[in-house]
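If you want the building blocks of each chain, they are given just below.
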Number of protein chains: 2
Amino acid sequence: MRNKRLKDIKEKLAARDYRLTPQRELILEIFAENSDRHLSAEEIYDLIRQKNPDIGLATVYRTLELLEDLKVIQSINFGDGCARYEFTGDRHHHHHLICLECGEVEEVDEDLLEKLEQSIEEKHGFRITDHQVKFYGICRRCQEKFATT
Amino acid sequence: MRNKRLKDIKEKLAARDYRLTPQRELILEIFAENSDRHLSAEEIYDLIRQKNPDIGLATVYRTLELLEDLKVIQSINFGDGCARYEFTGDRHHHHHLICLECGEVEEVDEDLLEKLEQSIEEKHGFRITDHQVKFYGICRRCQEKFATT
DNA sequence: GTACGTGCAAATTGTTTGCAGCGTG
DNA sequence: CACGCTGCAAACAATTTGCACGTAC
C-alpha cells in the first residue's frame, strides 16, 4: 500500500519529466514517519540531515514547492511565522484545532460544510474548489492544567 | 457614529496608557477608507505616505501590532506572503472567498457554524474561542471571463 | 549529452529591534 | 521630567535564486 503511494507520486513526477531522486524520496519518508505532525521546512531539514547530512536546505524548499504543485502535500499557515505541510494523500478532508495556549494542533474530520458551501455557491456565484477551516481555542489538556492550578 | 468608534479606540488605548497619536489616527483613517479591502503593512505604508510622507514603515508595523493586541483589527493570511488586516469592529463574523484566478477576496456572512463548533467542543473537549474559514475557488467574474473565451 | 537536480552562498522579502531624539501628560 | 512614540538604520528569519557541478536517462 505504501509502495503504491510512492509509485503514484513517481508517476506524477514523471508526467512532468521530473525524477524521484534519493533526496525527494527521503523527504517523502520523513512525511510518512511524521504523519501526525505538521512539519516546517526547517524541521524537515533537521530530520533529514540525520539520515543524510549532505542535503541542502534549498533542496528541501524546492522539493516542498514541487510536491505542493503536484498536490501531494499542502501548505498551512498556523500563524507561527513559517509554512507547515501535510500530506494531502487520500485522507479525508479535515479541520484544524489550534490551541492558543500550547500551540498544539489537532485534527477533526470534515463535517457539516456541504450545506454552507452549496448556499455560498448559489448566493455568490463562486465556484468552490477547496476550503480551509481553523478553530482557535484551548485544548482539553490545557484546560485541565488551568483547572488544577 | 464614526467618531464613537474612534473614541472607543482611544479609550482602549488609554486603558493601557497608550496614546492616539496622529500617525495612529492616520492608519485608522486608512482602514476606514478601505474597509472593502484587506491591506498589507506595505500597502498601508504606501497609502499613508500620500497623507504624510514622513511616516516610517516600522511605525506602521508597530501600530498594526498594537491594534491587533487591542482587537481593533485582525490579521489574516491569504497565502500571498504577507499578513493582511481588517477591522474587527462591530462587524458580523464572516468567511472569506479567495479567487484562485484573480486573487480577489470576497466576504460572506457567518452561517451554519454553530452546530459544527458545538459538536467539536463535545467530542474533543476543545474550548473554541475563535475560528477562521476560507473558501478557495473561482469567483463569478473569472468564471464569466472563461465562459466567453 | 541534454536536461533535470543538487549544494552552497548570496540575495530578497516581510518583519522586528536598538537607539537617540521628540512630544505630551 | 518621565515615558510613550517616532524615524531611521541595522538586524533577523523564512524563503528564493544564481551558479557550477553532478547525475540519470
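Residues numbered from 1 in each chain as written. Chains lettered and ligands numbered in written order. Predicted model: local features only at pLDDT ≥ 70, side-chain atom pairs only at ≥ 80, totals over all residues. Heavy atoms only, no water.

1. As for the pairing of strand E6 (residues 127–138) of chain A
Of all the twelve residues making up E6 of chain A, nine are buried; the element is thus mostly covered by neighbouring parts of the structure. Note: strand E4 (residues 94–99) of chain A against E6 of chain A, four bridges, orientation parallel. Bridge pairing in E6 of chain A links Cys99 of chain A to Gly137 of chain A. As paired elements, E6 of chain A and strand E6 (residues 127–138) of chain B share eleven bridges and run antiparallel to each other. By the bridge assignment for E6 of chain B, Arg127 of chain A is matched with Ile138 of chain B. (Buried < 20%, exposed > 50% of the residue type's maximum accessible area, 1.4 Å probe, protein only. Helix = DSSP H or I, 4+ residues; strand = E, 2+ residues; numbered from the N terminus. Pairing = 2+ DSSP bridges.)

2. A look at the relation of the copies chain B and chain A
Structural alignment of chain B on chain A gives an RMSD of 0.2 Å, achieved by rotating through 179 degrees and translating 0.0 Å along the axis. Interpreted geometrically, this transformation is the action of a two-fold axis. Minimal C-alpha separation from the rotation axis in chain B is found for Val133 of chain B, amounting to 2.2 Å. Interface residue correspondence from chain B to chain A reaches 100%, placing this contact among same-surface, isologous pairings. (Least-squares fit on C-alpha atoms with pLDDT ≥ 70 in both. Contact = heavy atoms within 4.5 Å.)

3. Thoughts on the packing of aromatic side chains
Residues and elements named next belong to chain A. Counted according to the given criterion, the structure contains two aromatic pairs over all chains. Their ring planes at 55 degrees and their centres at 5.8 Å tell us that Phe31 and Phe87 sit as a pair that is tilted. Residue Phe31 is located in helix H2 (residues 22–33), and its partner Phe87 is located in strand E3 (residues 83–87); the two are separated by 56 residues in the primary sequence. Accessibility expressed as a relative area gives 4% for Phe31, which makes it buried. Judged by relative accessible area, which is 9%, Phe87 ranks as buried. Positioned above the aromatic ring of Phe87 is the side chain of Arg5, whose terminal nitrogen or guanidinium carbon lies 4.5 Å from the ring centre. (Phe/Tyr/Trp six-rings, centres within 6.5 Å; stacked < 30°, edge-to-face > 60°. Lys NZ or Arg CZ within 6 Å of the ring centre and 35° of its normal.)

4. Thoughts on the interface of chain B and chain A
Of the residues lining the interface, 36 residues belong to chain B; the matching set on chain A comes to 36 residues. Together chain B and chain A conceal approximately 3,200 Å² of surface at their shared face, both sides included; 60% is due to carbon and sulfur atoms. Contact with chain A buries surface across chain B, with His124, Phe126 and Phe135 of chain B losing the most and accounting together for 21% of the total. Across the contact surface, chain B and chain A share 16 residue pairs in polar contact (both at pLDDT 80 or more). Put simply, the parts of the chain that give the side of chain B that touches chain A at least two residues each are strand E4 (94–99), strand E5 (105–109), helix H5 (114–124), E6 and helix H6 (140–147) of chain B. (Buried area = accessible area lost by both parts, 1.4 Å probe. Polar contact = N/O pair within 3.5 Å; in protein donor to acceptor, adjacent residues only side chain to side chain.)

5. Some words on the protein's contact with DNA strand C
What surrounds DNA strand C is a group of 20 residues, the closest being Arg19, Thr21, Arg24 and Thr59 of chain A together with Tyr61 of chain B. Within the side chain of Arg24 of chain A, one N or O atom sits 2.7 Å away from a phosphate oxygen of DNA strand C. In the environment of DNA strand C, a base nitrogen lies 3.4 Å from a nitrogen or oxygen atom belonging to the side chain of Arg19 of chain B. Elements supplying a minimum of two residues to the surface near DNA strand C: H2 and helix H4 (57–69) of chain A together with helix H4 (57–69) of chain B. Per-element tally for the surface near DNA strand C: the top contributor is H4 of chain B, with four residues. Grouping the amino acids of the surface near DNA strand C by side-chain chemistry returns eight nonpolar, five polar and seven charged. (Near = heavy atom within 4 Å. Nonpolar A, V, L, I, M, F, W, Y, C, P; charged D, E, K, R; others polar.)

6. A few points about the domain arrangement of chain A
Much of the literature gives interface size as the accessible area that the parts lose upon coming together. Residues and elements named next belong to chain A. The domain architecture assigned to chain A consists of domain 1 (1–90) and domain 2 (91–149). Taking only C-alpha atoms into account, the centre of domain 1 sits 24 Å from that of domain 2. Taken together, the contact between domain 1 and domain 2 spans eleven residues of the former and ten residues of the latter. Together, the buried faces of domain 1 and domain 2 total about 810 Å²; carbon and sulfur atoms form 46% of this surface. Run the count over domain 1 and domain 2 and you get zero salt bridges. Summed over the shared surface of domain 1 and domain 2, the number is five residue pairs in polar contact (both at pLDDT 80 or more). Broken down by secondary-structure element, the contributors of at least two residues to the side of domain 1 that touches domain 2 are strand E2 (73–77) and E3. Looking at the side of domain 1 that touches domain 2 element by element, the count peaks at four residues for E2. Along the lines of polarity and charge, the residues of the side of domain 1 that touches domain 2 split into three nonpolar, six polar and two charged. (Domains from an automatic or database assignment. Salt bridge = Lys/Arg side-chain N within 4 Å of Asp/Glu carboxyl O.)

7. Regarding the protein's contact with DNA strand D
As a matter of local geometry, DNA strand D sits amid 19 residues, with Tyr61 of chain A together with Arg19, Thr21, Arg24 and Thr59 of chain B nearest to it. The sugar-phosphate backbone supplies 75% of the atoms of DNA strand D found within 4 Å of the protein. Separating a phosphate oxygen of DNA strand D from a backbone N or O atom of Ala83 of chain A is a distance of 3.0 Å. A distance of 3.0 Å separates a base nitrogen of DNA strand D from a polar side-chain atom of Arg62 of chain B. Where the surface near DNA strand D is concerned, the elements lending two or more residues are H4 of chain A together with helix H2 (22–33) and H4 of chain B.

8. Some thoughts on the pairing of E2 of chain A
All names here are of chain A. As paired strands, E2 and E3 are joined by five bridges and run antiparallel to one another. In the strand pairing of E3, Ile73 is matched with Phe87. Counted between consecutive antiparallel strands, the loop separating E2 from E3 contains five residues, among which Gly79 sits at a positive phi close to 80 degrees.

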